[in-house]
Amino acid sequence: MSLYKSQTLKIYNSLSGEKETFTPINEGNVGMYVCGPTVYSNVHLGNVRTFMSFDVIFRYLLHLDYKVRYVRNITDVGHIVDDVDEGEDKIAKKARLEQLEPMEVVQRYTVDFHDILNAFNFLPPSIEPTATGHIIEQIEIIKTIIDKGIGYEANGSVYFDVVKFNETNHYGILSGRNIEDMLANTRDLDGQSDKRNPQDFALWKKAEPQHIMRWPSPWSDGFPGWHLECTAMSTKYLGNHFDIHGGGMDLKFPHHECEIAQNEACTGHTPVNYWMHANMLTLNGKKMAKSTGNNILPGEILTGDNAFLSKAFSASVARFFMLQAHYRSILDFSDEAIIAAEKGYKRLMEAMESLKSISANATSSIDIAGWKQLCYDAMNDDFNSPILIAQLFEGVRFINLLKDEKETLNTADLKLFTVTMQAFVFDVLGLEEEKANGNTDKLEGVVNMLIGMRKQARDNKDFALSDQIRDQLIALGIQLKDGKEGTSFSIQ
């Protein structure tokens, strides 16, 4: 029996503002679309957190035995600077500033995006379409919207008539806005705009003579509006009605609001059952921004080459840090916070290593089945990774008790415990054991040699030397732990 049949998953739906029981359109199958990056610069840490949230969601759905088609796009055209309909395309602007072909810019930063996500152990999506690869589909959608009387052409550009759409639909349903308030709070058009209403958004923009990226269309040589690409790609690969659409909280309005409007204008029904939004990441209590210098790139965490952290941290430590907060919560990144996360991560990895040497007993004194369901309960509650991590540390406590022979597990329970710990730590959360390098091997050899010398000193009743070795290792951040099977160590 598929695992999802025995679990009740609830997802917070931004559309209703409530947690709802997840029921896919087609049993056993999930269609999920997540708005990907605009590849005009290095992916920033806030983006990584958003994509990590949906990586864990993807992983958990797979763990529940759903067949998942996960589509995450690459925006390589059409995203206007400042997210408005006037101005310069972000990629074209970058190409002009760096004197490159636009597709050179796209290639450079797409490679960076993939490199960073690979370093953080992301699963690749099922499909990763690009906006430029779907110009024909976008033009066809524009034609449909015009035919429905919701789109209009003006001087070679095409706009979506929000007021006309709102006569029969609700523009603002996702963000909780209404068109009357939006119109009341907007300046009148200055006469130079081609729009009928200030809230109308571009479906197609006529390219100015200096604009590099352009395609032929029935209206002009130009390029698609930013909001259109996701409508085209999501419906092409997932259909006109699919299960989950996700992205960052900042995309709720106007991007996702416009997607809903475009889809409803074309098909007459809502496109998505569950809208999910991940919250933002701050740095030292302030919004991350290049302009203020309060910014750190993901790669700078791994190298330590930044002004904010006292040392470099592994990708798994950074991943563990991010998953300690729920995806809908604001998370503040700081040196102190990631140092604390590193300690927790190492405790968890040491316990996973110790679990390998635990032996089964004739009887069980721990309710492993009950603990296992608590792990599922955490993830079933809107993918609550911090609660899951708390349950995994309860598993760490079990491991320490089993090591000290204060608790026991029979063969079946030990297997269940091991499989469950491995599934949630590695498969669902996507954590990895830090890979040892040559220096790590040498350090381990030296410490084990000192542990041997300390044991010999204790056997010889030379407790002063034994204590000196222990205390000097502690001063270097190396903690010894004596047990029935000998002495082990951990680096603090």
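The name recorded for the protein chain in an unreviewed UniProt entry is Cysteine--tRNA ligase, from Flavobacterium granuli. If you open the UniProt record of the protein chain and go to Subcellular location (unreviewed entry), you find "Cytoplasm". Word for word, the UniProt comment on the protein chain under Sequence similarities (unreviewed entry) is "Belongs to the class-I aminoacyl-tRNA synthetase family."

K.L.:
How do you make sense of the overall build of the protein chain when you look at a structure like this?
P.N.:
Counting secondary structure elements, the protein chain contains 16 helices and 15 strands. For the protein chain, the spread of C-alpha atoms along the principal axes amounts to about 95 × 50 × 35 Å. Each of the 492 residues in the protein chain was classed as buried or not, and the buried ones make up 49%. The long-range fraction of contacts in the protein chain, counting pairs at least 24 apart against all pairs at least 6 apart in sequence, stands at 73%. Roughly 22,700 Å² of accessible area belongs to the protein chain as shown, and the carbon and sulfur atoms make up 49% of that amount.

K.L.:
In this structure, what is going on with the layout of surface pockets? I would like to understand it.
P.N.:
Take a probe with the size of a water molecule and roll it over the atoms, and the empty space left behind shows itself. Estimated volume of the second largest pocket: approximately 1,500 Å³. Around the second largest pocket, the lining comprises 47 residues; the ones closest to its centre are Tyr40, His44, Asn47, Lys90 and Asp250. Listed by contribution, the elements that provide at least two residues to the lining of the second largest pocket are helix H1 (45-63), helix H2 (90-98), helix H3 (102-119), helix H7 (226-238), strand E9 (242-248) and helix H8 (252-267). Here the lining of the second largest pocket is built from residues that sort into 21 nonpolar, 17 polar and nine charged.

K.L.:
What is the right way to look at helix H4 (residues 135-147) in this model?
P.N.:
At 3.6 residues per turn, the α-helix brings residues three or four places apart onto the same side. Over its 13 residues, H4 extends 19 Å from the first C-alpha to the last, a length consistent with the 18 Å expected when each residue adds 1.5 Å. Buried residues of H4: Ile135, Gln138, Ile139, Ile141, Ile142 and Ile145, and no others. On an axial view of H4, the arc spanned by its buried residues comes to 160°, and they lie on one face. Residues Ile136 and Asp147 are exposed on H4 and point more than 90 degrees away from its buried face. The elements touched by buried residues of H4 are strand E5 (151-154), strand E6 (157-160), strand E7 (201-206), strand E8 (222-224), H7 and H8. Of the residues one or two after H4, Gly149 is the one with positive phi, at around 85°.

K.L.:
Would you mind going over the sheet that holds strand E12 (residues 286-287) with me for this structure?
P.N.:
One key point about sheets: their strands pair by backbone hydrogen bonds, in either a parallel or an antiparallel sense. Within the open sheet, the three strands sit side by side as E12-E11-E13. Their pairing is mixed. Two strands lie at the open edges of the sheet, namely E12 and strand E13 (331-333), each paired on one side alone. One ladder, built from three bridges, connects strand E11 (residues 281-283) with E13; its direction is parallel. Bridge pairing in E13 links Thr282 to Asp332.

K.L.:
I tried to follow the nonpolar core on my own but got confused; where do I start?
P.N.:
What tends to happen in soluble globular proteins is that the nonpolar side chains get buried as a cluster. In terms of nonpolar packing, the biggest core is built from 109 residues, with Phe333, Leu348 and Phe417 touching the most fellow members. The residues touching Phe417, leaving out its near neighbours within four places in the chain, are Leu355, Ile368, Trp371, Gly395, Phe398, Ile399, Leu402 and Leu409. Listed in part, the 23 residues of the second largest apolar core include Ile139, Ile142, Ile179 and Ala232.

K.L.:
Before we go on, may I ask you to explain empty space enclosed by the protein in this structure?
P.N.:
A complete count under the given rule lists one cavity of 30 Å³ or more for this structure. Forming the boundary of the largest cavity are Arg49, Met52, Ser53, Val56, Ile57, Met322, Leu323, Ala325, His326, Tyr327, Phe383 and Ser385. Of all the secondary-structure elements, those providing two or more residues to the lining of the largest cavity are H1 and helix H10 (315-323). In terms of residue count, H1 provides more of the lining of the largest cavity than any other element does, five residues in total. Grouping the amino acids of the lining of the largest cavity by side-chain chemistry returns eight nonpolar, three polar and one charged.

K.L.:
What is the right way to read the UniProt feature "short sequence motif: 'HIGH' region" (unreviewed entry) in the protein chain from this model?
P.N.:
Per the UniProt entry, the sites bearing "short sequence motif: 'HIGH' region" (unreviewed entry) are residues 37-47 in this numbering. Measuring from the first to the last C-alpha atom of residues 37-47 gives 8 Å, for a span that is 27% helix and 0% strand.

K.L.:
Sorry, what's going on with the side chain of Lys195 here?
P.N.:
On the secondary structure map, Lys195 appears in the loop between helix H6 (179-184) and E7. Residue classification places Lys195 among the buried positions, given a relative accessible area of 15%. Among the polar contacts listed, one links the side chain of Lys195 to the backbone oxygen of Asp200, at a separation of 2.9 Å.

Quick notes on the rules
- Each residue is numbered by its place in its chain's sequence as written, counting from 1.
- Where local features are concerned, this predicted model is filtered to residues with pLDDT of at least 70; where side-chain atom pairs are given and counted, the filter is 80 or more; whole-chain, interface and lining totals use all residues.
- Side-chain descriptors were evaluated using all non-hydrogen atoms of the structure, hydrogens and water having been removed beforehand.
- UniProt positions are given in the numbering used here, feature names are shortened, and annotations may be inferred rather than shown by experiment.
- Helix and strand definitions follow DSSP, with helices as H or I runs of at least four residues and strands as E runs of at least two, each counted in order from the N terminus.
- Each residue's exposure class comes from its accessible area (1.4 Å probe, protein chains only) as a fraction of the maximum for that residue type: buried when under 20%, exposed when over 50%, partly exposed otherwise.
- Two residues qualify as a contact provided that any one of their heavy atoms is within 4.5 Å of a heavy atom in the partner residue.
- The accessible surface values rely on the Shrake-Rupley method and a 1.4 Å probe; as for residues, cover is taken only from the protein chains in view.
- In this analysis the probe radius is 1.4 Å and the grid spacing 1 Å, with only protein atoms considered; a cavity is a set of points the probe fits into but cannot get out of, a pocket is an open set with protein on both sides within 12 Å along at least five of seven lines, and lining residues have an atom within 4 Å of a point.
- Grid points are joined across faces, edges and corners, and a volume is the space filled by probe spheres set on the points.
- Residues are grouped as follows: Ala, Val, Leu, Ile, Met, Phe, Trp, Tyr, Cys and Pro are nonpolar; Asp, Glu, Lys and Arg are charged; all remaining types, including Gly, are polar.
- Here the expected length of a helix is defined as 1.5 Å per residue gap, with one fewer gap than residues.
- This arc is built from the directions going out from the helix axis to the C-beta atoms.
- Being paired, for any two strands, means DSSP has found at least two bridges between them.
- Buried Ala, Val, Leu, Ile, Met, Phe, Trp, Tyr and Cys residues form a nonpolar core when they are joined through side-chain atoms within 4.5 Å.
- Nitrogen and oxygen atoms within 3.5 Å of one another constitute a polar contact, given that in protein one can donate a hydrogen and the other can accept it, and given that sequence-neighbouring residues count only through two side-chain atoms.

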